[in-house]
Amino acid sequence: MVSVKRIVLDVLKPHQPNALDFSQAIAEVGIDYRVKLTVIEMDENTETLRLEVQGNAIDFEGVQAVITSMGASLHSIDEVEVQGGADTGNLT
Amino acid sequence: MSLLQQAGFLLRITDSHKIARRYFVVNGFDGALTMLGLIIGFLVSRPAEIEIIINVCLGAAIALGMSGMSSAYLSEAAERKHALGKLEEAMVADLQESAHGDAARWLPVFIALVNGLAPFIISLLVLIPLWLSNAGVVLPLSPLYAAIAIALLLVFLLGIFLGRIAGISWLRSGLQTLLIAIVTAMFIYLLTGN
């Protein structure tokens, strides 16, 4: 089974919700998600983010839905790490 | 996210908890001072039946509540719509289905409820001695004086609340609002009394 281990996204979001609320909402999509958010650029109403999500099997659709529900928009998928194999859970 | 968490989240992202808090104090103060004014007006007038006093005060309380609710809803709905439009323009996206869209739809209702219920509930609290007296409960002092005491107490408590928000002395802030109520009472007495 192929699973997504890491994704790096380019996201544009309004100033609110703030970076903490935003990251937490994305981390809540999965039980083992690790989220790293970096603000790249900021203007009067919006901020551009580099959003890195790591997990055992990232639900991309779920992450995208949360991004949209927070009023943000996904501009591009900049990096992806995918792992294939019969049982990805045992791989180190 | 539970309904309560969702409401807290929407208030946080729009900074509306501060607006709701402001409305609560401003209109709560309105409610207490209006009841104080009406009751002092009755005190300096020819004695009226307690039932008449209750009906007049209740009428004013309902009017304050409805006025607060409708005015806050109309102004907040317009403000939220404007803010959402500006944000949509900046994001170049439709945000109706996002948390910002939810906030634009639901927060005017919440703020309208705070704005309307604050003066209404505070007015009802002031009227408690009148209801008790009307129901035959014997009070240690005249129901009108007891209602005035409750109104002054509520104004003092609103002052304490403001003091805690501002991070200043609660006693000083409470006494400031109490002083405003006492000056109001004196004006009413001087201008309407014999």
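Residues numbered from 1 in each chain as written. Chains lettered and ligands numbered in written order. Predicted model: local features only at pLDDT ≥ 70, side-chain atom pairs only at ≥ 80, totals over all residues. Heavy atoms only, no water.

Membership of the largest hydrophobic core comes to 28 residues, with the highest contact counts inside it found for Leu 36, Ile 39, Ile 40, Val 126 and Leu 130 of chain B. The set of elements that each furnish at least two residues to this core consists of α2 (16-43), α3 (50-91), α4 (99-134), α5 (143-166) and α6 (170-192) of chain B. In terms of residue count, α2 of chain B provides more of this core than any other element does, 8 residues in total. Leu 130 of chain B has contacts with Ile 50, Ile 53, Ile 54, Pro 143, Leu 144 and Ala 147 of chain B, leaving out every residue within four places of it along the chain. Formed by 24 residues, the second largest nonpolar core is a distinct cluster that contains Ile 7 and Ile 58 of chain A together with Leu 10 and Leu 107 of chain B. (Core = buried A, V, L, I, M, F, W, Y, C linked by side-chain atoms within 4.5 Å. Buried < 20%, exposed > 50% of the residue type's maximum accessible area, 1.4 Å probe, protein only. Helix = DSSP H or I, 4+ residues; strand = E, 2+ residues; numbered from the N terminus. Contact = heavy atoms within 4.5 Å.)

The interface is formed by 10 residues belonging to chain B together with 14 residues belonging to chain A. Interface area for chain B against chain A, summed over the two sides, is near 990 Å², with a carbon-plus-sulfur share of 64%. Of all residues in chain B, Ile 13, Met 91 and His 100 of chain B give up the largest surface area on contact with chain A, accounting jointly for 41% of the area buried on that side. If you look at where chain B meets chain A, you find 1 salt bridge. For the salt bridge of Asp 21 of chain A with Arg 12 of chain B, the shortest nitrogen-to-oxygen distance reads 2.9 Å. In this assembly, chain B and chain A are joined by 3 residue pairs in polar contact (both at pLDDT 80 or more). For the side of chain B that touches chain A, the secondary structure elements donating two or more residues are α1 (3-14), α3 and α4 of chain B. Class assignment for the residues of the side of chain B that touches chain A results in 7 nonpolar, 2 polar and 1 charged. (Buried area = accessible area lost by both parts, 1.4 Å probe. Salt bridge = Lys/Arg side-chain N within 4 Å of Asp/Glu carboxyl O. Polar contact = N/O pair within 3.5 Å; in protein donor to acceptor, adjacent residues only side chain to side chain. Nonpolar A, V, L, I, M, F, W, Y, C, P; charged D, E, K, R; others polar.)

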